[in-house]
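Understanding the architecture of this molecule
Chain by chain, the residues run as shown.
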Amino acid sequence: MSAIEVLEQVKALPARERRKFFECVHELETTIDSQPVGQRKRPVRWPDAAARRRRIFGDKVLPNLVLLEQERY
């Protein structure tokens, strides 16, 4: 059912039932808005690339191959 069809159905309701419908919609919106943002979204944990590089290669300094390739041309 599309939004236009829903609106047509709501317009066809008697005034009392239309008011009750809008009160319920308003109640749903306020309960959704009252939830803290932290509960709706989980924070993204990005991997620590520097720690992984140190674990694999140790404290070696790796050359920047992109810069070396650019210098070649």
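Below: a short report on this structure. If you're wondering where the values come from, they're calculated on a predicted model, not measured in any experiment. (Residues numbered from 1 in each chain as written. Predicted model: local features only at pLDDT ≥ 70, side-chain atom pairs only at ≥ 80, totals over all residues. Heavy atoms only, no water.)

1. Regarding the overall build of the protein chain
Looking only at helices and strands, the protein chain has 5 helices and 0 strands in total. For the protein chain, the computed accessible surface area is about 7,700 Å², with 58% contributed by carbon and sulfur atoms. (Helix = DSSP H or I, 4+ residues; strand = E, 2+ residues; numbered from the N terminus. Areas by Shrake-Rupley, 256 points an atom, 1.4 Å probe, with all protein chains shown as cover.)

2. Points about the packing of aromatic side chains
Aromatic rings considered in pairs are described by the distance between their centres and by the relative angle of their planes. Tallying each qualifying case throughout the model produces 1 aromatic pair. Ring geometry for Phe21 and Phe22: centres 5.5 Å apart, planes at 70 degrees, overall edge-to-face. (Phe/Tyr/Trp six-rings, centres within 6.5 Å; stacked < 30°, edge-to-face > 60°.)

3. Here's the deal with a nonpolar patch on the surface
Taken together, the side chains of Met1, Val6, Phe21, Phe22 and Val25 present a nonpolar region at the surface, about 470 Å² in accessible area. Looking at which element gives the most residues to the nonpolar patch, the answer is helix α2 (residues 15-34), with 3 residues. Relative to the helices and strands, Phe22 is located in helix α2. (Patch = residues over 30% accessible without salt bridge, like charges linked within 9 Å, V, L, I, M, F, W, Y side chains within 5 Å. Salt bridge = Lys/Arg side-chain N within 4 Å of Asp/Glu carboxyl O.)

4. Topic: the pattern of salt bridges
Opposite charge on two side chains permits pairing when their charged atoms draw close. Within this structure, the stated rule accounts for 1 salt bridge. For the salt bridge of Arg72 with Glu69, the shortest nitrogen-to-oxygen distance reads 3.8 Å. Here the residue Arg72 and the residue Glu69 both occupy positions in helix α5 (residues 65-72), the gap between them amounting to 3 residues, near one helical turn. Residue class for Arg72 comes out exposed when judged on its relative accessible area of 63%. (Buried < 20%, exposed > 50% of the residue type's maximum accessible area, 1.4 Å probe, protein only.)

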